[in-house]
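Below are the chains, spelled out letter by letter.
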Amino acid sequence: MANGRGCESARWQIAYSQSRSLATSCHRRKFMVQDYLEKILIDEPQLQARIKELGQQISVDYVGKDLLLLCILKGGVLFLTDLMRQITIPHEIDFLAVSSYDKGTRASSGVVRILKDLDNPINNRHVLIVEDIIDSGFTLDYITRLLTARQPASIRICTLLDKHERRAVDIPVDYVGFVIPNEYVFGYGLDLDQKFRNLPFIGVAKSGE
Ligand code: IMP
Ligand code: MG
């Protein structure tokens, strides 16, 4: 998906690797983004343009409603902070932290653990789950069933990325940023073994990394 506008991201990568070279010159050379990055899949301008569209649509759909954006930590956090700045209606935010991947693996275990629950009740509120990526769907299937039992006025899903061909559970998704191929991606909130969440673009990981 990267195009001519990708030069910003390319410039950023060079700056990133140069600063990292200095920082790690006394240490073992590790965690250099170019060692792990196969290619940029979605660059920063593409991300921001699509998030603006999503924010505008959500602002229309939820006008007059008590909207709660519920961010799934940690991966959804960059998406949330950019999305909420594109939403022009009043809303609140809350956070849920779950774990569905074991460290070092790249497949959802299907066993979801709640690491941090919501701060406040959600009954009678319009909940919009903000997620980084849907892969098998196990995580969001579990979360929506958990939250539905708390009797919100409505519950919908907004995901930045949808790895649609990997879906194992049929789960309705209301807002999708980008449908992406079945490749392991990282950056913009998504991690590669907990690193690189700070990248401003979505990159594809080299196979075997
Ligand atoms: P699912 O339960 O298989 O849908 O996976 C959901 C979670 O796995 C997402 O919220 C991400 O945290 C993580 N995940 C799935 N695919 C990727 C990926 O390609 N890169 C990074 N994290 C991923
Ligand atoms: Mg996630």
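Since the structure is predicted, the reported quantities are computational estimates derived from the model, not experimental observations.

Novice: I would appreciate a short explanation of the overall build of the protein in the present structure.
Specialist: A count of helical and extended segments in the protein gives five helices and nine strands. Helices and strands appear in the protein in the N-to-C order α-α-β-α-β-α-β-β-β-α-β-β-β-β. Out of the 209 residues in the protein, the part that is buried amounts to 32%.

Novice: How do you make sense of the environment of Leu80 when you look at a structure like this?
Specialist: One can find Leu80 in helix 4 (residues 77-84). Discounting residues that sit within four places of it in the chain, Leu80 has contacts with Leu69, Cys71, Ile93 and Val130.

Novice: Help me out: how do you make sense of helix 5 (residues 138-148) in this one?
Specialist: In an α-helix, one full turn covers 3.6 residues, which means residues spaced three or four apart are oriented alike. Turning to helix 5, its buried residues number three or more, namely Phe138, Thr139, Leu140 and Ile143. Where helix 5 is buried, its residues touch strand 2 (67-73), strand 3 (91-99), strand 5 (126-134) and strand 6 (154-162).

Novice: Help me understand the nonpolar core, please; the structure alone is not making it clear to me.
Specialist: Buried together is how nonpolar side chains tend to be arranged in soluble globular proteins. By size, the foremost hydrophobic cluster in this structure holds 46 residues, and its most contacted members are Leu69, Leu70, Leu128, Ile129, Val130, Val185 and Ile202. Not counting the four nearest positions on each side in its chain, Leu70 is found in contact with Asp94, Leu96, Val127, Leu128, Ile129 and Val130.

Novice: Just checking my understanding: could you explain the sheet that holds strand 6 for this structure?
Specialist: Sheets are built from strands that pair by backbone hydrogen bonding, the pairs being arranged parallel or antiparallel. Pairing is mixed in the open sheet, where six strands are placed in the order 4-3-2-5-6-7. The open sheet has two edge strands with one neighbour each: strand 4 (113-116) and strand 7 (175-179). Each neighbouring strand pair of the sheet contributes to a mean axis angle of 30 degrees, computed without reference to strand direction. Bridge count between strand 6 and strand 7: four bridges; the pairing is parallel. Looking at strand 7, one finds that Thr159 is bridged to Val176. Most of the contacts of helix 3 (residues 44-61) go to strand 7, to which it runs at about 165 degrees, and overall it touches strand 5, strand 6 and strand 7. In this fold helix 5 packs onto strand 2, strand 3, strand 5 and strand 6, with an angle of close to 165 degrees to the strand it touches most, strand 5.

Novice: Explain the sheet that holds strand 9 (residues 202-205) to me, please; I cannot follow it from the model alone.
Specialist: Spatial ordering of the open sheet is given by 1-9-8, a layout of three strands whose pairing is antiparallel. A strand with exactly one partner marks an edge of an open sheet, and here the two such strands are strand 1 (37-42) and strand 8 (185-186). As paired strands, strand 8 and strand 9 are joined by two bridges and run antiparallel to one another. If you follow Val185 over to strand 9, its bridge partner there is Val204.

Novice: What am I meant to see in the confidence of the model for the protein here?
Specialist: Detailed conclusions should not be drawn from predicted coordinates in areas where pLDDT is low. Looking at the protein, the pLDDT average stands at 87 and 81% of residues meet or exceed 70. Considering only residues more than four positions removed or in separate chains, one finds that residues 1-7, a stretch of pLDDT under 50, has 10 contacts. Note on residues 18-27: pLDDT is under 50 here. Beyond four places in sequence and across chains, it has three contacts.

Novice: What's the story with the pairing of strand 6 in this structure? I'm lost.
Specialist: In regular strands, side chains alternate between the two faces of the sheet. Of all the nine residues making up strand 6, seven are buried; the element is thus mostly covered by neighbouring parts of the structure. In this sheet, strand 6 lies alongside strand 5 in parallel orientation, the contact comprising eight bridges. The residue of strand 6 that forms the bridge with Ile129 is Ile157. In terms of handedness, the path from strand 5 via helix 5 over to strand 6 forms a crossover that is right-handed.

Novice: Help me understand unusual backbone geometry in this model?
Specialist: Across the chain, the bulk of peptide bonds are trans and the bulk of non-glycine residues have phi less than zero. Leu73 connects to Lys74 through a cis peptide bond whose omega is -5 degrees. Structurally, Lys74 can be placed in the loop between strand 2 and helix 4. Positive phi, close to 60 degrees, is recorded for Gln151, a residue that is not glycine. Residue Gln194 is not a glycine yet carries a positive backbone phi of 75 degrees. Within the secondary structure, Gln194 sits in the loop between strand 8 and strand 9.

Conventions adopted
Within each chain, residue numbers correspond to sequence positions counted from 1 in written order. Key to labels: chains lettered from A, ligands numbered from 1, both in the order written. Side-chain atom pairs in this predicted model are given and counted only at pLDDT of 80 or more, local residue features only at pLDDT of at least 70, and totals for whole chains, interfaces and linings cover all residues. Where helices and strands are cited, they refer to DSSP runs of H or I of at least four residues and of E of at least two residues respectively, numbered from the N terminus. For every residue, the other C-beta atoms within 10 Å of its own C-beta are counted; 20 or more classify it as buried, 12 or fewer as exposed, and values in between as partly exposed. C-beta atoms are placed from the backbone. Here contacts are defined at the residue level, using C-beta atoms placed from the backbone and a cut-off of 7 Å between them. For the purposes of this analysis, a nonpolar core is taken to be any set of buried Ala, Val, Leu, Ile, Met, Phe, Trp, Tyr and Cys residues that are connected through C-beta atoms within 7 Å. Pairing between two strands requires that DSSP report at least two bridges joining them. Orientation is described by lines fitted to C-alpha atoms, with helices fitted over the stretch in contact, and by angles between N-to-C directions that extend from 0 to 180 degrees. In predicted models, pLDDT denotes the confidence assigned by the predictor to each residue on a 0 to 100 scale. Whether a crossover is right-handed comes down to one check: with the strands pointing away from the viewer, does the path from the first strand over the helix to the second run clockwise; if it does, it is right-handed.

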